[in-house]
Amino acid sequence: MPALALHLTQAAIVYINTHMTQIVLRDSAWRDRLTDRRGLSALFWTHLNLYGRFELGMSNYLDLGIDAGG
């Protein structure tokens, strides 16, 4: 069972990282700077706190360009 939880966590990280990368690449300034995209990976995790204390701010959200109303 722990392996399935790890797999689910990895899949969620890849999904969010892919979406965040797509948002960055929509910006023409970044798109022009990142001409060689072969090195891009969705498996980066340095921005995550995998161990330790998690504080959830229910009034804040991650802007992923998705309309929350619909």
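Note that the structure is predicted; figures quoted are calculated from it, not measured. (Residues numbered from 1 in each chain as written. Predicted model: local features only at pLDDT ≥ 70, side-chain atom pairs only at ≥ 80, totals over all residues. Heavy atoms only, no water.)

A. Quick peek at the environment of Asn60. Within the secondary structure layout, Asn60 lies in the segment after helix H2 (28-33). As for Asn60 and Leu43, which are separated by 17 residues in sequence, their C-alpha atoms are 25 Å apart. (Helix = DSSP H or I, 4+ residues; strand = E, 2+ residues; numbered from the N terminus.)

B. Seen up close, the packing of aromatic side chains. Across all of its chains, the model carries zero aromatic pairs by this definition. Over the ring of Trp30 we find Arg33; its NZ or CZ atom is 5.0 Å from the centre of that ring. (Phe/Tyr/Trp six-rings, centres within 6.5 Å; stacked < 30°, edge-to-face > 60°. Lys NZ or Arg CZ within 6 Å of the ring centre and 35° of its normal.)

C. Quick look at the environment of Leu43. With respect to the helices and strands, Leu43 occurs in the segment after H2. Separated by 32 residues in the primary sequence, Leu43 and Ala11 place their C-alpha atoms 9.3 Å from one another. In this view, Leu43 contacts Gln10, Val14 and Asn17; residues no more than four positions away in its chain are not counted. (Contact = heavy atoms within 4.5 Å.)

D. Geometry of helix H1 (residues 2-26). Over its 25 residues, H1 extends 36 Å from the first C-alpha to the last, a length consistent with the 36 Å expected when each residue adds 1.5 Å. Those residues of H1 not exposed but buried are Ile13, Asn17, His19 and Leu25. For H1, the elements touching its buried residues are H2. (Expected span 1.5 Å × (residues − 1). Buried < 20%, exposed > 50% of the residue type's maximum accessible area, 1.4 Å probe, protein only.)

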